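Residue-level structure breakdown
Here's the letter readout for the chains.
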Amino acid sequence: AQVPVNVTVTGAAGQIGYALLFRIASGQLLGPDTPVKLRLLEIPQAVKAAEGTAMELDDCAFPLLKGIDIFDDARQAFDGVNIALLVGARPRTKGMERGDLLEANGGIFKPQGEAINAGAADDVRVLVVGNPANTNALIAQAHAPDVPAERFTAMTRLDHNRALTQLAKKLGVDVTEIKKMTIWGNHSATQYPDIFHAEVNGTTGAKAVNDEAWVRDEFIPTVAKRGAAIIEARGASSAASAANAAIDHVYDWVNGTPEGDWTSAAIPSDGSYGVPEGLISSFPVVSRGGRWEIVPDLEIDAFSRERIDASVQELSEEREAVRKLGLL
Ligand code: NAX
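Throughout this document, residue positions are counted from 1 along each chain, in the order its sequence is written. Note on the predicted model: pLDDT of at least 70 is required for a residue's local features to be given, and 80 or more for side-chain atom pairs to be given and counted; whole-chain, interface and lining totals, by contrast, use all residues. As a rule here, side-chain values cover all heavy atoms of the structure and leave hydrogens and water aside.

Describing the domain arrangement of the protein chain
On domain assignment, one finds that the protein chain holds domain 1 (5-154) and domain 2 (157-317). In this description, contact between two residues means that some pair of their heavy atoms is separated by no more than 4.5 Å. At the interface, 29 residues of domain 1 touch 33 residues of domain 2. Interface area for domain 1 against domain 2, summed over the two sides, is near 2300 Å², with a carbon-plus-sulfur share of 62%. On the domain 1 side of the interface with domain 2, the three residues burying the most area are Q15, R125 and N134, jointly 26% of the side's total. What makes a salt bridge here is a side-chain nitrogen of Lys or Arg within 4 Å of a carboxyl oxygen of Asp or Glu, nothing more. The tally of links between domain 1 and domain 2 comes to 2 salt bridges. Two residues, E150 and R291, come together in a salt bridge whose shortest N-O distance is 3.0 Å. Strands are runs of DSSP state E lasting at least two residues, helices are runs of H or I lasting at least four, and both sets are numbered from the N terminus onward. Those elements giving two or more residues to the side of domain 1 that touches domain 2 turn out to be α1 (15-25), β4 (83-86), β5 (125-128), α5 (133-142) and β6 (152-154). Where each domain begins and ends is defined by an automated method or by a domain database. Put simply, buried area is the surface a 1.4 Å probe can reach on two separate parts but cannot reach once they are joined, added for both.

Here it is in structure tokens:
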């Protein structure tokens, strides 16, 4: 029988955790032939709730689920980990400044990076979901010097999927008719969803829409502020859709993206498209042979340039801020 893949999920007792764990255990993360073992990390106060979720996972009798262990210690949780889903983070609370937020999350992602460095399997792949995701990924990466830098990624797949549906609705087409959507930059309100390279039935997304005002004043803000709109409507932040995006990200990373299409992921920049090297920024990416590659040589017009630069500038400022805090 195949050796189970160790999947560590942090923040396992949270809302995204609740939506994510059942999909991992049912085989949607790694495919229907790959058994998994779950390693759940929580803070001590939430271990009991994680145990409750584990009871429910047991009650599903998932054929692919070969074990569940629950920890409140990062070293143990990341021991032998193959896939690390870093979901738990410190949310911004009222009156909290950006610097406080980065510092509080540094207190989470630094020790988790160290624990990954100490105990992870050679093939470890890390996806950071917890916000501020790009910079949290950078902090974890900085404390895992023995792990190849490219194994640290942050999630913009939810933004990507949101953009696909918004464009499909506008054009009255099926989401499957749209290829090559791109999210650039930070997973924040400055992100830039780009439909100039998207393909829809033989033309570009932008040409199919043929309405720059809609792109500028409706599409981009709707995608960028969708998280807030969900909170407003649901009274809680996106959870099932975030879990779905995490599944999509890891599945594609392991299994490859389809020919003739690409997706979006925040990965360490190699300097492409003027994004400073090392920033974990969202790009158009394909996955080949288990690695993300940035789609090269796209033409970037002035409209896109301005928006990519603004989001990347924010990432540079976040990097500078965590450097000053001694977190890099
Ligand atoms: P919840 O507050 O429901 O759950 C977070 C869980 O993390 C809690 O159970 C908490 O006890 C746990 N936790 C806190 N510190 C921890 C630590 N040091 N180790 C282990 N666990 C720890 O939040 P939820 O709605 O699940 O969201 C989780 C994170 O995802 C948040 O940071 C949120 O902002 C972020 N999101 C990111 C998205 C993305 O697209 N990248 C979209 C959805 C979501 O907003």
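As for the layout of surface pockets
In this structure, the second largest pocket encloses a volume near 260 Å³. Here a cavity denotes grid points, spaced 1 Å and computed from the protein atoms alone, that fit a 1.4 Å probe unable to get out, and a pocket denotes an open set having protein on both sides within 12 Å along at least 5 of 7 lines; residues with an atom within 4 Å of a point are the lining. In terms of lining residues, the second largest pocket is bounded by 16 residues, among which R157, H160, L164, I178 and D261 are the most central. Every element with two or more residues in the lining of the second largest pocket is listed here: α6 (157-171) and β7 (178-179). If one sorts the elements of the lining of the second largest pocket by residue count, α6 sits on top with 5 residues. Residues are grouped as follows: nonpolar covers Ala, Val, Leu, Ile, Met, Phe, Trp, Tyr, Cys and Pro; charged covers Asp, Glu, Lys and Arg; every other residue, Gly included, is treated as polar. Of the residues in the lining of the second largest pocket, the class split is 5 nonpolar, 6 polar and 5 charged. Grid points are joined across faces, edges and corners, and a volume is the space filled by probe spheres set on the points.

Regarding the site of the ligand
When at least one non-hydrogen atom of a residue lies within 4 Å of a molecule or strand, that residue is treated as near it. Taken together, the neighbourhood of the ligand is formed by 23 residues, with Q15, I16, E42, V129 and N131 sitting nearest. Any pair of N or O atoms that falls within 3.5 Å is considered a polar contact. Within protein, one atom must be able to donate a hydrogen and the other to accept it, and sequence-neighbouring residues count only if both atoms are side-chain atoms. Between the ligand and the protein, one listed contact pairs an oxygen atom with a backbone N or O atom of I16 at 2.9 Å. Separating an oxygen atom of the ligand from a side-chain N or O atom of E42 is a distance of 2.5 Å. Residue burial considers only the protein chains on display, and all accessible areas are found by Shrake-Rupley using a 1.4 Å probe. In isolation the ligand exposes 880 Å². Once the protein is present, 79% of that is buried.

Structural notes on the packing of aromatic side chains
Side-chain rings of Phe, Tyr and Trp (the six-membered ring for Trp) are treated as a pair once their centres are within 6.5 Å; stacked means planes under 30 degrees apart, edge-to-face means over 60, and tilted covers the remaining angles. Throughout the structure, instances matching the rule amount to 7 aromatic pairs. Plain terms: the ring middles of Y18 and F22 are 5.4 Å apart, the flat faces sit at 65 degrees to each other, and that makes the pair edge-to-face. In this pair, Y18 and F22 are both assigned in helix α1, 4 residues apart and thus about one turn of the helix distant. Exposure remark for Y18: the relative accessible area of 42% places this residue in the partly exposed category. Centroid distance W184 to F283: 6.3 Å. Interplanar angle 70 degrees. Geometry classified as edge-to-face. Here the residue W184 occupies a position in strand β8 (residues 182-184), and F283 occupies one in strand β13 (residues 280-288), the gap between them amounting to 99 residues. On the basis of relative accessibility, which here comes to 0%, the residue F283 falls in the buried class. Within the aromatic cluster, the residues linked to one another by ring pairs are W184, Y273 and F283. Residue placement shows R307 over the ring face of F303; its charged tip is 3.7 Å from the ring centre. The classification of residues rests on relative accessible area computed with a 1.4 Å probe and restricted to protein chains. Under 20% of the type maximum is buried, over 50% is exposed, and intermediate values are partly exposed. Geometrically, a lysine NZ or arginine CZ counts as sitting over a ring once it is within 6 Å of the ring centre and also within 35 degrees of the ring normal.

Observations concerning unusual backbone geometry
With an omega dihedral of -5 degrees, the bond running from N131 to P132 counts as a cis peptide bond. As for its position among the elements, P132 is in the loop between β5 and α5. The backbone phi angle of N210 is positive, close to 50 degrees, even though this residue is not glycine. In this structure N210 comes out as exposed when scored by relative accessible area, which is 67%.

Concerning the environment of H143
Mapped onto the fold, H143 is located in the loop between α5 and β6. Overall, H143 belongs to the buried group, its relative accessible area being 15%. Note: C-alpha distance between H143 and D59 (84 residues apart in sequence) is 37 Å. For H143, the contacting residues outside a window of four places in its chain are K110, G113, E114, N117 and L327.

Some points on the UniProt feature "domain: Lactate/malate dehydrogenase N-terminal" (unreviewed entry) in the protein chain
According to UniProt, the "domain: Lactate/malate dehydrogenase N-terminal" (unreviewed entry) feature falls on residues 6-146. The span residues 6-146 is 42% helix and 18% strand, and its two end C-alpha atoms sit 19 Å from each other. UniProt positions are given in the numbering used here, feature names are shortened, and annotations may be inferred rather than shown by experiment.

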